[in-house]
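One letter stands for each residue in the lines below.
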Amino acid sequence: MSLLSCRRRQTALQFSSRYSSDDPVYQEYVSRPADPPPIVENWNRRFGNSRGRDNRSPLGSANAPCSV
């Protein structure tokens, strides 16, 4: 048996139960409560008072006059 195939077999045995019910570290991680979501304050306050205005419109601002 070559050294490479021996190492492959050792590695396969070492990681055969990884991320399974036989992996105590993974089971500890899975059983803990979920982290709370991050709180991001003022995430939509880039342009001052923009409450109720949608600046994502593909035709420009809904309040802009037509330039036809």
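Let me sum up the structure you'll find in this document. Given the structure is predicted, the values throughout are model-derived calculations rather than measurements.

How each quantity is defined
- Residues numbered from 1 in each chain as written.
- Predicted model: local features only at pLDDT ≥ 70, side-chain atom pairs only at ≥ 80, totals over all residues.
- Heavy atoms only, no water.
- Helix = DSSP H or I, 4+ residues; strand = E, 2+ residues; numbered from the N terminus.
- Buried < 20%, exposed > 50% of the residue type's maximum accessible area, 1.4 Å probe, protein only.
- Areas by Shrake-Rupley, 256 points an atom, 1.4 Å probe, with all protein chains shown as cover.
- Salt bridge = Lys/Arg side-chain N within 4 Å of Asp/Glu carboxyl O.
- Polar contact = N/O pair within 3.5 Å; in protein donor to acceptor, adjacent residues only side chain to side chain.
- Contact = heavy atoms within 4.5 Å.

Some details on the overall build of the protein
Counting its secondary structure elements, the protein contains two helices and zero strands. Within the protein, the proportion of its 68 residues that are buried is 3%. Only carbon and sulfur atoms are counted for the fraction: they give 54% of the accessible area of the protein, which is about 7200 Å².

Focus on the pattern of salt bridges
Going through the model one piece at a time under the given rule, you end up with one salt bridge. With a shortest N-O distance of 3.1 Å, Asp 35 and Arg 32 are connected by a salt bridge.

Observations concerning helix 2 (residues 24–31)
Of all eight residues that make up helix 2, zero are buried, and the element is exposed over most of its length. For helix 2, the N-terminal cap is Asp 23; the gap from its side-chain oxygen to the backbone nitrogen of Val 25 is 3.3 Å.

Side note on unusual backbone geometry
The phi dihedral of Tyr 19 is positive, around 60 degrees, even though this residue is not glycine. Relative to the assigned elements, Tyr 19 resides in the loop between helix 1 (3–14) and helix 2.

A few points about the environment of Asp 23
Position of Asp 23 among the secondary structure elements: in the loop between helix 1 and helix 2. Each residue touching Asp 23, except ones within four places of it in the same chain, is listed here: Ser 17 and Arg 18.

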